[in-house]
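Structural overview
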Amino acid sequence: MKLDAKIPAGPITDKWTKYRSTVRLVSPANKRKLDIIVVGTGLAGASAAASLAELGYKVKAFCFQDSPRRAHSIAAQGGINAAKNYQNDGDSTYRLFYDTVKGGDYRAREANVYRLAEVSASIIDQCVAQGVPFARDYGGLLDNRSFGGTQVSRTFYARGQTGQQLLLGAYSALNRQVEKGQVEMFTRHEMVEVVMIDGKARGIIARNLITGELERHSAHAVVIASGGYGNVFYLSTNAMGSNVTAAWKAHKQGAFFGNPCFTQIHPTCLPQSGEYQSKLTLMSESLRNDGRVWVPLHKADAEAIQQGKKVAADLPEEARDYFLERKYPAFGNLVPRDVASRAAKDVCDEGRGVAPTGLAVFLDFRDAINRMGQDVISARYGNLFEMYEKITGDNPYKTPMKIYPAVHYTMGGLWVDYNLMTNVPGLYAIGEANFSDHGANRLGASALMQGLADGYFVLPYTIGDYLADEIGTGQINVNHEAFVAAEKAVADRYNKFMSIGGKQSPESFHRRLGKIMWEYCGMARSEEGLTKAISLIQDLRKEFWSDLRLSGSIGEFNPELDKAMRVADFIELGELMVRDALSRNESCGGHFRLESQTEEGEAKRDDENYAFVSAWEWQGENAEPVLHKENLEFDVVKLTQRSYK
Amino acid sequence: MSKESLNLTLKVWRQKGSKDKGKFETYKLKDVSTHASFLEMMDVLNESLISEQKEPVAFDHDCREGICGMCSMYINGRAHGPQRGTTTCQLHMRHFEDGETITIEPWRAAPFPVLKDLVVDRSAFDKIQQAGGYVSVNTGNAPDGNAVPIPKENADEAFNAAACIGCGACVAACKNASAMLFVSAKVSQYALLPQGQPERKERVGKMVAKMDELGFGNCTNTGACEAECPKGISITNIARLNREYLGAMLGPGN
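Residues numbered from 1 in each chain as written. Chains lettered and ligands numbered in written order. Predicted model: local features only at pLDDT ≥ 70, side-chain atom pairs only at ≥ 80, totals over all residues.

**What to know about the overall build of chain B**
Within chain B, the secondary structure is distributed over 8 helices and 7 strands. Its C-alpha atoms give chain B principal-axis dimensions of about 65 × 45 × 35 Å. The proportion of buried residues among the 254 residues of chain B is 54%. Within chain B, counting contacts between residues at least 6 apart in sequence, those at least 24 apart form 71% of the total. (Helix = DSSP H or I, 4+ residues; strand = E, 2+ residues; numbered from the N terminus. Buried ≥ 20, exposed ≤ 12 C-beta atoms within 10 Å, placed from the backbone. Contact = placed C-beta atoms within 7 Å.)

**Regarding the overall build of chain A**
Counting secondary structure elements, chain A contains 18 helices and 19 strands. The C-alpha radius of gyration of chain A comes to 24 Å, within 12% of the 26 Å expected for a compact globule of 645 residues. C-alpha extents for chain A along the principal axes are approximately 75 × 60 × 50 Å. A total of 645 residues make up chain A; the buried ones form 58% of that total. (Rg over C-alpha atoms; globule rule 2.2 N^0.38 Å.)

**Some remarks on the interface of chain A and chain B**
Each partner contributes to the interface: chain A provides 63 residues, whereas chain B provides 63 residues. Contributing elements (two or more residues each) for the side of chain A that touches chain B: α3 (43-55), α5 (110-130), α6 (162-180), α12 (374-392), α13 (447-467) and α17 (559-583) of chain A. It is α6 of chain A that contributes the most residues to the side of chain A that touches chain B, 9 residues altogether. Taken together, the residues of the side of chain A that touches chain B break down into 23 nonpolar, 25 polar and 15 charged. (Nonpolar A, V, L, I, M, F, W, Y, C, P; charged D, E, K, R; others polar.)

**Focus: the environment of Lys102 of chain A**
Position of Lys102 of chain A among the secondary structure elements: in helix α4 (residues 93-103). Once the C-alpha coordinates of Lys102 of chain A and Gly589 of chain A are considered, the two residues, 487 residues apart in sequence, prove to be 9.7 Å apart.

**Brief notes about unusual backbone geometry**
Most peptide bonds are trans, and most residues other than glycine sit at a negative phi. Unlike most non-glycine residues, Tyr106 of chain A shows phi in positive territory, near 60°. In this fold, Tyr106 of chain A is placed in the loop between α4 and α5. The backbone of Asp117 of chain B shows a phi angle near 45°, a positive value even though the residue is not glycine. Secondary-structure assignment places Asp117 of chain B in the loop between β6 (114-116) and β7 (119-120).

**Topic: the sheet that holds strand β16 (residues 413-414) of chain A**
Residues and elements named next belong to chain A. Strand order in this open sheet of 4 strands is β16-β10-β18-β19, and the pairing throughout is antiparallel. Taken across any chain shown, the strands that pair with only one partner, and hence form the sheet edges, are β16 and β19 (626-631). By the bridge criterion, 2 bridges tie strand β10 (residues 257-258) to strand β18 (residues 612-617) in an arrangement that is antiparallel. When the sheet's bridge partners are listed, Phe257 is paired in β18 with Trp616. Across the sheet, α17 touches β10, β18 and β19, and the angle it forms with β18 is around 145°. (Pairing = 2+ DSSP bridges. Axes fitted to C-alpha atoms, helices over the stretch in contact; angles between N-to-C directions.)

**Things to note about the packing of helix α6 (residues 200-213) of chain B against helix α8 (residues 236-250) of chain B**
All names here are of chain B. The interhelical angle for the contact between α6 and α8, taken along N-to-C directions, is 110°, at an axis separation of 9 Å. With respect to their mutual orientation, α6 and α8 come out roughly perpendicular. Each of Lys201, Val204, Gly205 and Val208 in α6 lies in contact with α8, whose residues at this interface are Leu241, Glu244, Tyr245 and Ala248. (Parallel < 35°, antiparallel > 145°, perpendicular 65-115°, else oblique.)

**Quick notes on the domain arrangement of chain B**
Residue and element names in this part refer to chain B. When its domains are assigned, chain B resolves into domain 1 (5-115) and domain 2 (123-250). A C-alpha centroid distance of 29 Å is found between domain 1 and domain 2. Contacts between domain 1 and domain 2 engage 18 residues on the former and 16 residues on the latter. Among the residues making up the side of domain 1 that touches domain 2, the classes are represented as 9 nonpolar, 7 polar and 2 charged. (Domains from an automatic or database assignment.)

**Quick word on the packing of helix α3 (residues 152-162) of chain B against helix α5 (residues 180-191) of chain B**
All names here are of chain B. Axis separation between α3 and α5 bottoms out at 8 Å; the angle between their running directions is 155°. Here α5 runs roughly antiparallel to α3, going by the angle between their axes. With respect to the hand of their crossing, α3 and α5 are arranged in left-handed fashion. In contact with Ala158, Ala161 and Ala162 of α3, α5 contributes Ala185, Ser188 and Gln189. In the contact of α3 with α5, the residues fall into 4 nonpolar, 2 polar and no charged. (Left-handed = near helix turned anticlockwise from the far one by under 90°.)

**Thoughts on the nonpolar core**
In this structure, Ala49, Val223, Ile224, Val361, Leu414 and Tyr428 of chain A together with Val171 of chain B are the most contacted members of the largest nonpolar core, which totals 282 residues. Once residues lying within four places of it in the same chain are set aside, the contact partners of Ile224 of chain A are Val39, Ala246, Ala247, Ala250, Leu414, Tyr428, Ala429 and Ala433 of chain A. (Core = buried A, V, L, I, M, F, W, Y, C linked by C-beta atoms within 7 Å.)

**A few points about α17 of chain A**
The end-to-end C-alpha distance of α17 of chain A is 36 Å, a good match for the 36 Å that 25 residues give at a rise of 1.5 Å each. Along α17 of chain A, 23 of the 25 residues are buried, which leaves the element largely enclosed by surrounding structure. (Expected span 1.5 Å × (residues − 1).)

**A few points about the pairing of strand β5 (residues 101-105) of chain B**
Consecutive side chains along a regular strand alternate between the two faces of the sheet. Inspection of the sheet shows strand β1 (residues 5-14) of chain B paired to β5 of chain B by 4 bridges, in the parallel sense. Paired with Lys11 of chain B across the two strands is Thr103 of chain B, which belongs to β5 of chain B.

**Some remarks on the domain arrangement of chain A**
Residue and element names in this part refer to chain A. Domain annotation for chain A reports domain 1 (15-21 + 29-262 + 411-470), domain 2 (266-406) and domain 3 (498-609). Its C-alpha centre places domain 1 at a distance of 25 Å from the equivalent point of domain 3. On the domain 3 side, the residues contacting the 29 residues of domain 1 number 31 residues. Put simply, the parts of the chain that give the side of domain 1 that touches domain 3 at least two residues each are β6 (189-197) and α7 (245-252). Its residues placed into classes, the side of domain 1 that touches domain 3 shows 17 nonpolar, 9 polar and 3 charged.

**Thoughts on the sheet that holds strand β17 (residues 427-429) of chain A**
Residues and elements named next belong to chain A. Judged by pairing direction, the sheet is parallel, and its 5 strands sit side by side in the order β5-β2-β1-β9-β17 without closing on themselves. Edge positions in the sheet fall to β5 (183-186) and β17, since each has one partner strand and no second. Between one strand axis and the next, the sheet turns by 20° as a mean value, whatever way the strands run. Relative to β5, strand β2 (residues 58-62) is paired through 4 bridges, and the arrangement is parallel. Residue pairing across strands places Phe62 opposite Phe186, the latter belonging to β5.

**What about helix α2 (residues 123-132) of chain B?**
Along an α-helix, residues three or four positions apart point the same way, because every turn accommodates 3.6 residues. For α2 of chain B, the buried fraction is high: 8 of the 10 residues fall into the buried class. When we look at burial in α2 of chain B, the residues that qualify are Ala124, Phe125, Asp126, Ile128, Gln129, Gln130, Ala131 and Gly132 of chain B. In the core, the buried residues of α2 of chain B are packed alongside α6 of chain A together with α5 and α6 of chain B.

Below, the structure is given as structure tokens:
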């Protein structure tokens, strides 16, 4: 099967403009007759639901949290990129496009990325108009900062809570449509199946998490905006509830899964402190602007620190190894996330890590405080230092922070074409849930941009192209046999969970899955490890289905049962990720194969053999998935090997 | 060096459903790491309950980094526990003593009915926001982001109000179950920004009416809301809300 990305013809600068001017439209009278389901209410989902409702479509929005405002976009700290060039420092649509393609290590689709850069400026305008309190300078105009090592200041921010403020903006737009009756909001609902009729997505089965009841909801299009799947690693910076279930159900109904193994490991997170740990907290990347990353030069010193016999201050300058500055003199502490993460792993693997676990490196502000004074550092990072102290009990003004990489974002996701539609007609995926515009690695402050671009400015246009053919369909009956069968299949699955009667909790399986994923499909991957991981995951899956223990019953508020469904899906996804990583014998972006590195140990990309998107097709529970390839063509950007030396 | 682990007695509110009667159950928990967060301590409790074939304690939680506003525990008589400016998820066990008895309850307020154990229904907050907590601007309608300069101090103050995470601690802490701090934060954010001006009067009227309709109580200026707010939302916002409301009711129309 040939994958058609449906990229419009013409020069890259004209594609989107021409598309928008010629795409088919649905008249206002017909929009009223069309239902759209949006699953997830983060930046992508809330902005899409609100914008589609404004256009006149009837929208049903779903979230598993108790309020749409709690979606995990809310936790994004750093900022949002936009090619406004307010700082007059040479930014442009082209430059943002170029940086994103390069940063993604040339594994993204040029046309999509260019469109993203094009609409980025409108996002800022829209958010400002909603009353989002962005940071401003003393003249009252919007402030920008440089972020993640870019050479221009294009990042808009709202202190360290940019995601929160943008989400509350989208949430307010959503609320306005709820009040108008254009959006029907379903909180504490989890999508547990996509319903297909005659090869088209026609609705969903959702579980009411309070009553446990299964509900049928029909629509002329279904939009998956359920976020990323970093929690497959158990420990990640994701919220506890973030899960792959909606996307995975879509995958099992025929939607291809794109580049599942592309995972972003963020270098500046708080290290794990014990087995009870439930999540890892991100410390904003901006800390690397002033903090210096180091470990002891000698293993003996590191061991003394691990055992609590020495502290950082005991080590003189010559006993410290500022390894990022040493290895990458041009970029130093500001190398991209994947490079910084791997370097930290390497020094810890050498036994030079610093926490009791040996899995941490120092992020030291001593020199910055000496140079600029504590007041300046406090003004820049005060809230982050406070948060660090709250969690660890250490004061980072006095003693260096300890950090370690953690899973943060998944570039992979449901494969979509230029219209953001999966290969299943009527089924769309937006935001982090799609395989996205970030290629093999996402730049800082670009996740918020993509979520809002998809929701506010792309999907509302592209969905009309499909719905134009649906104006005569009429209301879709939820008593159609396909709905009945889908509901029964879901009910059977829940019954199966409850009937196992084993000994282990869903949580314990999740934790074990996470360990396998982190060990073999984390920062460094090899054929040997990945092959082993496949059988480990398959064994875990068998054990899950024979030894799961649940309490309570199906027809009630039962978070353990909800978790069982999520963990079952994560286990299946985990195997696919490992297969994807195994099939891609090159290093690119966040994907590092030990077999594909330069003599100096840096990532070696293989454009000749792997310049494609891997799109996986589900074949059934006990069959191997089939790989489809979408070849990536680079007409505008010239492929080069990244170097930060 | 302080103790690395604690032995605790937990008195936890258990309630099957919104219509059932609840009661406290007592659990002993041993060797709780002082580095664990309060919710991780609850995870450990639940794992042990599951292993004893008992039903785990239901509680709301999600981001576990103090920003989503989902966690909501009333700990030893205080919303989000003893540490100021901290959500339950960021409260760590090093703030408790070995041998301590900890009482854990849900938010208690008539507009927040208990759904199960420590989980309450806060959809009333969404309803208040739906009544008017927005600027009416359709996607695509916006002028350039820098078309209207906003004095930095106004923008900063609007941000301070907008930092509300909607957790409901203010309502839980208030003896009248008043939602004034929550409502005032949103009203203030928009009142301080030029984008909020066209609907300024209509907004405050609608949000206050909805708040009253949903059964939240009156403000009697005890300041408990501000003291327990994990995000430090200032009570001066309530003063602004009162001014805005009076101005809207008494003054000429929009």
